Amino acid sequence: MKKVGVLTGGGDCPGLNPAIRGICRQAQSTGHTVVGIRRGWKGLLEQETKDLNIAEIDELLYQGGTALRSSRTNPYNEEGGPERAKKAIQDLGLEALIAIGGEDTLGVASKLAAEGQPVVGLAKTIDNDLDVTDFTLGFPSAVEIATQAFDRIKTTAQSHDRVMVVEVMGRHAGWLTYYAGLAGGADAILLPEFPMPIQEVCDILKKLEARGKEYAIIAVAEGAKVLDDQGKEIAIHSKEAVDSFGHVQLGGIGDFVKELLKNRTGRDVRSTVLGHTQRGGSPSAFDRILSTAYGVRAMQLVQNKEYGKMPALVGGKIETVSLANAVEKLKLVPKEAYELARTFFG
Ligand code: F6P
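Residues numbered from 1 in each chain as written. Predicted model: local features only at pLDDT ≥ 70, side-chain atom pairs only at ≥ 80, totals over all residues. Heavy atoms only, no water.

On to the sheet that holds strand β5 (residues 119–123). Pairing within the open sheet is mixed, and its five strands lie in the order β3-β2-β1-β4-β5. A strand with exactly one partner marks an edge of an open sheet, and here the two such strands are β3 (49–51) and β5. Neighbour-to-neighbour, the strand axes of this sheet turn through a mean angle of 30°, independent of strand direction. Of the strand pairs in this sheet, strand β4 (residues 96–101) and β5 are connected by five bridges, and their pairing is parallel. Looking across to β5, one finds that Ile100 is bridged to Leu122. Relative to the sheet, helix α1 (residues 16–28) contacts β1 (3–8), β2 (33–37), β4 and β5, its axis offset from that of β4 by approximately 160°. (Pairing = 2+ DSSP bridges. Helix = DSSP H or I, 4+ residues; strand = E, 2+ residues; numbered from the N terminus. Axes fitted to C-alpha atoms, helices over the stretch in contact; angles between N-to-C directions. Contact = heavy atoms within 4.5 Å.)

Here the focus is the site of the ligand. Around the ligand, a shell composed of Arg72, Ile126, Asp127, Met169, Gly170, Arg171, Glu222, His276 and Arg279 is seen. Within the contact set of the ligand, an oxygen atom lies 3.0 Å away from a side-chain nitrogen or oxygen of His276. Protein burial of the ligand: of its 400 Å² of free accessible surface, 80% is covered by the chains. The residue inventory of the shell around the ligand, partitioned by class, reads two nonpolar, two polar and five charged. (Near = heavy atom within 4 Å. Polar contact = N/O pair within 3.5 Å; in protein donor to acceptor, adjacent residues only side chain to side chain. Areas by Shrake-Rupley, 256 points an atom, 1.4 Å probe, with all protein chains shown as cover. Nonpolar A, V, L, I, M, F, W, Y, C, P; charged D, E, K, R; others polar.)

So, about the pairing of strand β6 (residues 163–168). In terms of burial, β6 is a largely internal element, six of the six residues being buried. Here β6 shows a buried face lined by Val163, Val165 and Glu167 and a second buried face lined by Met164, Val166 and Val168. Relative to strand β9 (residues 216–221), β6 runs parallel, the two being bridged by six bridges. Note on β9: the bridge partner recorded for Val165 is Ile218. By the bridge criterion, five bridges tie β6 to strand β11 (residues 269–273) in an arrangement that is parallel. (Buried < 20%, exposed > 50% of the residue type's maximum accessible area, 1.4 Å probe, protein only.)

Our next topic: the sheet that holds β9. Overall, parallel pairing links the four strands, which are arranged β7-β9-β6-β11 in an open sheet. Among the strands making up the open sheet, the edge pair consists of β7 (188–190) and β11. When strand polarity is set aside, the average angle formed by the axes of neighbouring strands in this sheet is 20°.

In this section: the packing of aromatic side chains. Tallied over the entire structure, the rule returns eight aromatic pairs. With a centroid separation of 5.1 Å and an interplanar angle of 85°, the aromatic rings of Phe139 and Tyr179 are classed as edge-to-face. Remark: Tyr179 occurs in helix α7 (residues 175–183) and Phe139 occurs in helix α6 (residues 139–160); sequence separation between them is 40 residues. The exposure class assigned to Phe139 is buried, which follows from its relative accessible area of 1%. Look at Trp175 and Tyr179: their rings are 6.4 Å apart centre to centre, the planes differ by 50°, and that puts the pair in the tilted class. One end of the pair is Trp175 and the other is Tyr179, both in helix α7 and four residues apart, which spans about a single turn. Taken together, the ring pairs connect Phe135, Phe139, Trp175, Tyr178, Tyr179 and Phe286 into an aromatic cluster. Lys111 extends its terminal NZ or CZ atom over the ring of Tyr76, reaching a point 4.5 Å from the ring centre. A cation over a ring is seen here: Lys331 above Trp175, with NZ or CZ 5.1 Å from the ring centre. (Phe/Tyr/Trp six-rings, centres within 6.5 Å; stacked < 30°, edge-to-face > 60°. Lys NZ or Arg CZ within 6 Å of the ring centre and 35° of its normal.)

Structure representation (structure tokens):
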């Protein structure tokens, strides 16, 4: 059996396609064929496959999204899901399966590997919240996209002396907002990791005005925690709309902060949601290289039968780490990093 399956699960991002290309090219060295599994774990359960031909693979380096499509299906939340997944691996004649995804997809991969399945992982997510790796693929491109958006918002903010609130993705980790906010010169950065009283943001605006800066950019992570005057978190997300992995759908905090700032300061405030533009388009140069290296190493892990593992960037080197460690806890923005950003608040 020299057949390897590859799937992409969770939210798409730039870098998935170059990673698939890396896997396919490395597979050639040992005569393995690679078969695509469509739509993440859903496609595995339904045994929905896609052939990957070499002419098509060459083009993947430049392409955003995922040629294999994606879904947020959790086999451990489906009737007989894990058994169906194991049966599919057998029925499709796969020597191994490479699962490309974030904490959810890799959490499933880790469980299947722990149950004896020949599964290898590959870390992607614009949230960059996987532990034991410096960067997940997709994050570098998303930082570029969001930073460009901040640059554009700055010139219009400046022209109108406005306060611009910019909502950035990232779920429960503030990495993307932190990096883009820092690179884009944000005057305040609100993250899930460091709850901030809304009054503190108003004080920052006052400070900026006092030193003659008439516009302001406030970066707000979609999962940021904003506190009222009593120090209580202001709840804005509905706990009802959850996906198959139990995640609440985030979004809307930018508008919410905009209203609070407007009411408290009387300033001209606007909000922008960067949304899915952050996940779209062609991968950045760094992402193409990272994804390629991850893809090649993931296939090498298969060739060496090192299951339950994934490639990781650790201190500038591609290392091999255990999937169980990678998904054990979310990697969050540390205090010392946030302190650096705080130097530029107000
Ligand atoms: O996990 C990646 C991510 O883009 C998060 O930052 C965001 O909260 C979520 O996916 C959005 O998911 P969807 O594409 O399902 O709206």
